[in-house]
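Topology and contacts: notes
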Amino acid sequence: MTVITRFAPSPTGSLHVGSARTALYCWLYARKTQGKFILRIEDTDLERSSQESVHAILEAMQWLDLHYDEGPYYQTKRFDRYSAVKEQLLKEGKAYRCYCSKERLENLRNQQIENKEKPRYDGYCRDRQETKMDNYVVRFRNPSSGTVEFDDLIRGNLIFNNVELDDLIIARSDGTPTYNFTVVIDDWDMKITHVIRGDDHINNTPRQINILKALGAIPPHYAHVSMILGADGKRLSKRHGAVNVIQYREDGFLPEALLNYLVRLGWSYGDQEIFSKEELIKLFDIRGINKAPAAFNMEKLLWLNQHYIKTSLPERVAQELEWHMQRLGLHVSQGPPLSDIVKAQAERAKTLKEMAEKSRYFYSEVHFSEEAIKKYLTTEEIPVLTSVRDELMNVLDWNKEALHQIISHISEKLGVKMGKIAQPLRVAVTGDTVSPPIDLTLALLGREKTLARLSHALALARQFNHFG
Ligand code: GLU
């Protein structure tokens, strides 16, 4: 039997990291079993769904590189199918039309609350022979006795009493199908074998199983994943910081780091912290997912991110860095290859956002603050920098080693420490007080840019200091 999993987000917002983790588990399990992973957009709630959210979800899935084998399927394109199944259930007496007014249902509810009973539909229309063809909803005729049982792959055996489940509305009065009904038909039609989803759906599962059974379908396996908590033990939400996947991209995380972080948040393999995708595919097991909810730990994610920045192929990190450079309005064609920047900056940045911000001067004009000039481009430094420029002008083979030698030679010649030369030089060519080692910085900037910036900085310094 081919394993088929699905990720079924409702497009009512961007992709939450908790949902991304569920998607990852679905994806991993399909890959592990050489099965199929389907993406299904559950957009039947027309008021809350938006095209913008659909885009955000697709963008996040792409960024995380969770490739789906089929889809995206849209539930709004399947209304005819839902309607046909509803008619079939009506015909077979497995569903019925309910004409109860809002007022009646409200009174019933209030009454039940007053009697300290669980509010639920009382089956008033179950056996009424009403033939009116308007103003009704369609309810599923849930078995009124017995139990529904399933072996949750994470939580073990779960048993529900049918008397606890009322007759669920499967179609609203305007004919539109409800969530539990569309999910059931889709899981059935798409031959889903494993439903891995958030544990907020546990109570829907027995209802869905009953509908599947009424349709003559074999229910899939279910695995309900616990939610992610914030540091305060409450469900992870905006209050705790970033919750949407693209926000993590904007904050400078590599998708590899986020995925590695998310998979470990709720699943483990010994003490191992770092997993490549290939390793995960080999080692992942649904039954190894933790029942208990886990708390999000930003420090750990940052640590993983830095690990991936430092150890991934620079070319790979550069792909993601390019996105950040573009966001800063920088043109990467106007500077050194980004993979060289990654090599130079990997140790200095925890995130790619930080790396991009710290690398601006390689791709754009430098601007000097008055303070920088006052502090670093002083009358005392002007002759040193002039001498540096003159020497550098003669360097034809512009590489880190040659540049290092030149600077050390000047330092000897002038009898000043390397650092005393490096810092004003750094400010002169980058406009900044921090950069990779000066020889590497100059090598990356290139001859032309270095000399032009140095001349420009010298001119400014002279002007500012009324020097010669
Ligand atoms: N659309 C549902 C949600 O976003 C998921 C339904 C399911 O996985 O069965 O919560």
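Only a predicted model underlies this, so the values are computations on that prediction, with no experimental measurement involved.

1. Thoughts on the site of the ligand
In the vicinity of the ligand, the contacting residues are R6, A8, P9, S10, E42, Y179, V183, R197 and H201. Within the side chain of R6, one N or O atom sits 2.7 Å away from an oxygen atom of the ligand. Here Y179 contributes a side-chain N or O atom positioned 3.2 Å from an oxygen atom of the ligand. Taking 300 Å² as the accessible area of the ligand by itself, protein coverage stands at 81%.

2. So, the pairing of strand β2 (residues 36-41)
Extensive coverage of β2 is indicated by the burial of five of its six residues. For strand β1 (residues 4-7) and β2, the ladder comprises four bridges, and the chain directions are parallel. Among the inter-strand pairings, T5 is bridged to a residue of β2, identified as F37. Sheet topology places β2 next to strand β3 (residues 70-74); three bridges connect them, and they run parallel. When the bridges of β3 are listed, I38 appears paired with E70.

3. Focus on the nonpolar core
In terms of nonpolar packing, the biggest core is built from 108 residues, with L262, F296 and L392 touching the most fellow members. It is helix α1 (residues 17-32) that provides the largest number of residues to this core, a total of ten residues. Not counting the four nearest positions on each side in its chain, L392 is found in contact with W398, L403, I406, L442, R447, T450, L451 and L454. Core analysis: the second largest hydrophobic core is formed by 33 residues, F140, F150, I211 and L215 among them.

4. Overview of unusual backbone geometry
Each neighbour pair has its own omega, and for G71 with P72 the value is 0 degrees, a cis peptide bond. Tracing the backbone shows P72 in strand β3. Of note, K116 is a non-glycine position whose phi angle comes to about 60 degrees, a positive value. Of note in this structure, N135 is not a glycine but carries a positive phi near 55 degrees. With respect to the element layout, N135 can be found in the loop between α4 (102-114) and β5 (137-140).

5. A few points about the state of the cysteines
Under the defined criterion, the tally for this structure stands at zero disulfides. With no disulfide of its own, C98 lies closest to C100 among cysteine sulfurs, the gap being 3.8 Å. Judged by its relative accessible area of 2%, C98 is buried.

6. Let's talk about the sheet that holds strand β8 (residues 169-171)
One open sheet accounts for three strands, arranged β4-β5-β8; its pairing is antiparallel. Bordering the open sheet on either side are β4 (95-98) and β8, each of which pairs with just one other strand. Going from strand to strand, the sheet's axes swing by 45 degrees on average, the running direction of each strand aside.

7. Notes on the pattern of salt bridges
A complete count under the given rule lists 30 salt bridges for this structure. A salt bridge links K310 to E347, with the shortest nitrogen-to-oxygen separation between them at 3.9 Å. Here K310, found in helix α10 (residues 298-311), pairs with E347, found in the loop between α12 (338-345) and α13 (352-357); they are 37 residues apart in sequence, far enough to count as distant. Accessibility expressed as a relative area gives 40% for K310, which makes it partly exposed. A residue is classified by how much of its surface remains accessible, and E347, at 58% relative accessible area, is exposed. Here R389 ties to D390 by a salt bridge, and the two come within 3.6 Å at their closest N and O atoms. Through salt bridges that share partners, R6, R40, E42, R78, R81, D186, D187 and D189 make up one connected network.

8. Here we look at helix α17 (residues 418-430)
In a regular helix each residue adds 1.5 Å, so 13 residues correspond to 18 Å; α17 covers 18 Å between its end C-alpha atoms and thus fits that length. Most of α17 is tucked away: ten of the 13 residues are buried. Of all the positions in α17, only I421, A422, Q423, P424, L425, R426, V427, A428, V429 and T430 are classed as buried. If you follow the buried residues of α17, they end up packed against α14 (370-376), α15 (381-393), α16 (400-414), α18 (438-445) and α19 (447-465). Two residues or fewer past α17, G431 is found with a positive phi of approximately 75 degrees.

Rules used throughout
Residues numbered from 1 in each chain as written. Predicted model: local features only at pLDDT ≥ 70, side-chain atom pairs only at ≥ 80, totals over all residues. Heavy atoms only, no water. Near = heavy atom within 4 Å. Polar contact = N/O pair within 3.5 Å; in protein donor to acceptor, adjacent residues only side chain to side chain. Areas by Shrake-Rupley, 256 points an atom, 1.4 Å probe, with all protein chains shown as cover. Buried < 20%, exposed > 50% of the residue type's maximum accessible area, 1.4 Å probe, protein only. Helix = DSSP H or I, 4+ residues; strand = E, 2+ residues; numbered from the N terminus. Pairing = 2+ DSSP bridges. Core = buried A, V, L, I, M, F, W, Y, C linked by side-chain atoms within 4.5 Å. Contact = heavy atoms within 4.5 Å. Disulfide = S-S within 2.5 Å. Axes fitted to C-alpha atoms, helices over the stretch in contact; angles between N-to-C directions. Salt bridge = Lys/Arg side-chain N within 4 Å of Asp/Glu carboxyl O. Expected span 1.5 Å × (residues − 1).

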